[in-house]
Amino acid sequence: MSLRIPHWLSTIAASGRRLLRRWWRSQSPARQDRFATLAPLVSVLLFLAAIISAFWYLRNEEIEREAEAVKRDVEIAQQQVRLGLMDSQEQLVRMTREALSRGQPMADFQRMAATFAAERPEVLKVTWLDARRRVRAIYSPGDSNAEGSTEAPSPASAPAPAGSTARSEAEWAFITVHDLRMPVYSRPYQNADRSMVFQLHVPVLEQDRFTGALVADIGIDALLRHLVPLDVTRRHPLAVIDEREQLLASTVTAMPGPRPQRAAIVHDVPLTPAANGLVLRGTGYRTSVGLIGNTLFWMVVALSVLTVWMLLGTWRHMRRRAQIQGALVQETNFRRAMENSMLTGMRALDLEGRVTYVNPAFCAMTGFTEVELVDKLPPYPYWPTDRIDENARLLQQELQGRSPAGGIEVKVMRKNGTLFDARMYVSPLVDAKSQQTGWMTSMTNITEAKRIRDQLSASHERFTTVLEGLDAAVSVLSVQHNELLFCNRSYRLWFGADAQGHAQLAAGTGPALPVLAENDESVDSLSGLPTQELAGLGANPREVYVHVLDKWFDVRSRYLQWTDGRLAQMLIATDVTARRRAEEQSAQQAEKAQQSSRLITMGEMASSVAHELNQPLTAITNYCSGMVSRVKAETIDRTALVAALEKTARQAERAGQIIHRIRAFVKKSEPQRQPAHAKDIVEDAVELASIELRRRNVAIHHYVAQRLPMLRCDPILIEQVLLNLLKNAAEAIDSAKLPPSRRHIELRVIPRHMPDKGGVIEFSVTDMGPGLPEEVLARLYEAFFSTKADGMGIGLSLCRSIIESHQGRIKGQNLYNADTVAGCRFAFTLPVETLARHEEATTQAQPFPETAAESHRAFPLPRQPSKTDP
């Protein structure tokens, strides 16, 4: 029989051969030699792999055949057991029908049970139970005394399986057959003979009424011996196991000693039609030895290893030869590539001055080919015609070995007649015997470098001219050597050429650097400094006062790397003396304006203050007059006198507090920022403003939020702003002649968050007056602008300056009810103190008064003393 290869397989093989041949021809000879050396090694390894694969394949095929045989025998055994059990089940059903149809079932039970058990050796016992599970009759093969009875006295007198597990399994099967009215198999259990059995329960039905059950005890071991064919058990061992993998019965007897080492082939099928968790398991074993224990296999492996070892020795020898050859080729190619890639021209001369070698870079510089230059004597083609004598002199100097180590600068002419600047370096050329055979010259084109150098020189001159013309002092100091590297004209004019002026200006303007020990050049204490990071730092502006010059300088410093790589510090100092003096004068004028504003405010409130002071003074006068009269009349006792004196002292203390508050407000003091509570500022301002408000019959309502953070401000200035806003609101309400329902002012202090400022505290003063015209709102903070006839126009302008100096904002706006102006609101914000928060529990805000009456109770007007007071 001939084997015909498919056409497509032949086509693929032919294409593979062509591709392999083409790939082989494309490889270099060295690579072909390497592949030729490795081919036998690869062949041996492939042969060994083929032998191992064949052994492995045969072993797996044997295992698969054995597994198929085990599966086939187990299925045959399963089928025989299923047929036997189904036949027993049908026979029991037939027995119940025949016994019930004859009218006297107990009479023929023993005969039919004996016939049933004789035909089925696996049946150990047949029992007839009534509906209450009492034994009516029982037949046991081999028991000559077994006889049927029509009725049992009690369930306890009936025989039952030994053990609680057996009784529970039998009861479960009886209950199940009673409920289902169909045959049921119990789970396996151990009977009194210590044999593993299970019961087959068949219901006894009379006119569809359950009257009992026929129970057949079936031995599992006998079931395997009698129902499974003998040839099947001879080929493979069979066993019955339960759902917990416990062995119940087997066709072979377990031998003592260790189990065989060979792996078993196992196949499991359920024991049908019992469906009680029993599994029929078949086991098979492979008969051949393993792959590892095969002698032929190890002989093949040993021969293959020996062959591989010999081939590896040959391959190492060939590899060393290939490495030496490759290193030689690589070195040659490296030198050739280095010569061809260099931008520096190389020229070799013999001792007579004849050109023996030029590289491609030299030819590219001059424009001449290698043929046009090699074997040429002076004058060379690249010598300019007007410099032949000079170049000849330099050549003689070169041949005599007197060329300078720094090279010589010459003019070289290209083939097209153009000239370029070049620098040549000469070194002797020595052969393998250490004999000088000529000179090697390297030539570099320095035309571009020379042009850049000239441009840098011109740029440096222009830059120096600009720095010399600056009004600011510019200086650069070497940090390591404390040497002044550069200073312009302004620096020399103010400080001279000494580095001391740089030190005065640089005090505290940059990061601290280590101090160098004098006359100790062996220690470089700046070697660990991050030069790049210091040079990348930005300018750090700072104003410095120089006592010797009596000048203020705005100093900006930064670190940089000097031209030689040293770390240096550059300073730019601008004279800001005029600006500082102008700022000082402006601050003094602002302070005077604030003091004047407070004095003006107190002057405008003079009548109210006098009225406020007159009340306690009048009360003191009345108290003293009354005491004098009663003392003269001797109608006053010691207790009444002490009470009158205490009242007089309280009135005097009240007058002193008013004077102290006014004196602290108008006292001239330096502005100072300090942590302050908003509540304290509001209470002081309200206490001063209430004097004017009571005179104008205006009520004030104020609310301070709880647990406000600290403010960092000048409390007197903020109190001045609040007093000014409260006084303006009261004047607007009084001048508009508003009714009592609108004669009140609301002062609120609450925290807010602004996107650009963060956390702030907002102070707002709201009145129900006539508001402000739009043209007045546009010029509200303009200096010397006022809507009052006797006003100076500096109040709100000064308030705005005070708030903005505290990094806050102030804003005024009208309040509208539909299109009608219903009042005016002034609000300003102050940033909170970020370093400390107010945590005191005493910052409980006062309740906001709901009516004017509550406001007057919070700030009661002084009662006029009666003449009847003592």
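Above this text you will find the structure in question.
Criteria and cut-off values
Residues numbered from 1 in each chain as written. Predicted model: local features only at pLDDT ≥ 70, side-chain atom pairs only at ≥ 80, totals over all residues. Heavy atoms only, no water. Core = buried A, V, L, I, M, F, W, Y, C linked by side-chain atoms within 4.5 Å. Buried < 20%, exposed > 50% of the residue type's maximum accessible area, 1.4 Å probe, protein only. Helix = DSSP H or I, 4+ residues; strand = E, 2+ residues; numbered from the N terminus. Contact = heavy atoms within 4.5 Å. Pairing = 2+ DSSP bridges. Axes fitted to C-alpha atoms, helices over the stretch in contact; angles between N-to-C directions. Salt bridge = Lys/Arg side-chain N within 4 Å of Asp/Glu carboxyl O.

### Digging into the nonpolar core
Counting 47 residues, the largest nonpolar core has V682, I718, L722, I745, V749, F763 and F828 as its most contacted members. Contributing elements (two or more residues each) for this core: α18 (678-695), β22 (699-704), β23 (711-713), α19 (715-735), β24 (744-754), β25 (758-767), α21 (795-805) and β27 (820-831). When residues of this core are assigned to their parent elements, the largest contribution, ten residues, is made by α19. The contacts of I745, once residues within four sequence positions are left out, are L693, V698, A699, I700, H701, L726, A729, A730, I733, V765, T766 and D767. Counting residues in each nonpolar core, the second largest holds 42 residues, with F109, A117, V204 and V269 among its members.

### Details of the sheet that holds strand β14 (residues 419-430)
Overall, antiparallel pairing links the five strands, which are arranged β12-β11-β15-β14-β13 in an open sheet. The strands lining the two open edges of the sheet, one partner per strand, are β12 (355-358) and β13 (408-413). Direction aside, the axes of adjacent strands within the sheet are offset by 35° on average. Pairing of β14 with strand β15 (residues 436-445) involves nine bridges; the strand directions are antiparallel. Residue pairing in the sheet places A422 in a bridge with N445 of β15.

### Comments concerning the side chain of D217
Among the structural elements, D217 can be located in strand β6 (residues 210-219). Once residues within four sequence positions are removed from consideration, D217 is found in contact with E122, V123, L124, K125, Y189, F198 and Q199.

### Looking at the pattern of salt bridges
Overall, the coordinates contain 39 salt bridges when judged by the stated rule. A salt bridge links R134 to D130; its shortest N-O distance comes to 3.0 Å. Side by side, R134 and D130 carry an identical accessibility label, which is buried. Here K551 ties to D575 by a salt bridge, and the two come within 3.5 Å at their closest N and O atoms. With K551 in strand β19 (residues 551-561) and D575 in strand β20 (residues 567-575), this pair connects stretches of sequence that are 24 residues apart. Residue classification places K551 among the partly exposed residues on the basis of a relative accessible area of 25%. Owing to a relative accessible area of 31%, D575 belongs among the partly exposed residues under this scheme. Beyond isolated ion pairs, a larger network of salt bridges with shared partners links E409, K411, D421, R423 and K450.

### Concerning unusual backbone geometry
At the junction of T272 and P273, the peptide bond is cis and its omega measures out at 0° in the coordinates. In this fold, P273 is placed in the loop between β9 (264-270) and β10 (279-285). Here P378 and P379 are connected by a cis peptide whose omega angle stands at 0°. With respect to the helices, strands and loops of the structure, P379 is situated in the loop between α9 (370-373) and α10 (388-399). Positive phi, close to 60°, is recorded for D208, a residue that is not glycine. D208 sits in the exposed class, given a relative accessible area of 70%.

### Let's talk about the sheet that holds strand β18 (residues 542-546)
Consider a sheet: its strands pair through backbone hydrogen bonds, and that pairing is either parallel or antiparallel. Overall, antiparallel pairing links the five strands, which are arranged β17-β16-β20-β19-β18 in an open sheet. What marks the edges here is a single partner per strand, and that holds for β17 (483-487) and β18. Going across the sheet, the axis of each strand differs from the next one's by a mean of 30°, ignoring polarity. The sheet contact formed by strand β16 (residues 473-478) and β20 spans six bridges and is antiparallel. If you follow V474 over to β20, its bridge partner there is I572.

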